[in-house]
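# Close look at the chain arrangement
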Amino acid sequence: MKEMELIGVRIELPSNAPIVLLRETDGEGRLLPIFIGGAEAQAIALAMEEVETPRPMTHDLFKNVLDDLGVRIERIVVTELRDRTFYAELELKGSNGARRISSRPSDAVALAVRTGAPIFADESVLQAAGHTVEPDEPEGEEPPAEEVLDQFREFLDQVTPEDFNG
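Before going into details, it helps to say that this report is about the structure given with it. (Residues numbered from 1 in each chain as written. Predicted model: local features only at pLDDT ≥ 70, side-chain atom pairs only at ≥ 80, totals over all residues. Heavy atoms only, no water.)

What follows is about the pattern of salt bridges. On inspection of all chains with the given rule, the structure shows 13 salt bridges. Residue Arg72 is joined to Glu74 by a salt bridge in which the shortest nitrogen-to-oxygen separation is 2.5 Å. Assessed through its relative accessible area of 49%, Arg72 is described here as partly exposed. (Salt bridge = Lys/Arg side-chain N within 4 Å of Asp/Glu carboxyl O. Buried < 20%, exposed > 50% of the residue type's maximum accessible area, 1.4 Å probe, protein only.)

Here nine bridges tie strand 4 (residues 72-82) to strand 5 (residues 85-94), and the two strands are oriented antiparallel to one another. Its bridge partner being in strand 5, Arg82 is matched across the sheet by Thr85. Both strand 4 and strand 7 (residues 119-121) contribute to a ladder of three bridges, which runs parallel. By the bridge assignment for strand 7, Val78 is matched with Ala121. (Pairing = 2+ DSSP bridges. Helix = DSSP H or I, 4+ residues; strand = E, 2+ residues; numbered from the N terminus.)

This is the structure we're talking about:
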């Protein structure tokens, strides 16, 4: 398992398909793009920007239910890539012990943003769909976020969903 950080939600042009972009926190710093739905992209973006909605959105409701039940999300894990589809799990812990619940990665990330839960990806997923950005900076310095995104956009211009077929 590799810990990931949420870089953000972007729109892939020219298809206008939303993607969630995760980056490995150590090691190679690989980027993991996951194509997601528009509603999920909006849910993640709202949570990242800490926008308060007048009524709870679905992911807020789920978080509230977990909180009321005394269950916390320990972490989320992008577990596999099968037939061009990503899979994830929520690792939950409550008074009745630990549980793993299957989830779409987009829903798992939306919940992780709301709960502060760490995000992980299985090494096999990173090997199949991860992209390494070549650093232009001296050793030990991280390139600016916009430079990383520019390099990633170049990668997206050349990639198709079929490239993620594991």
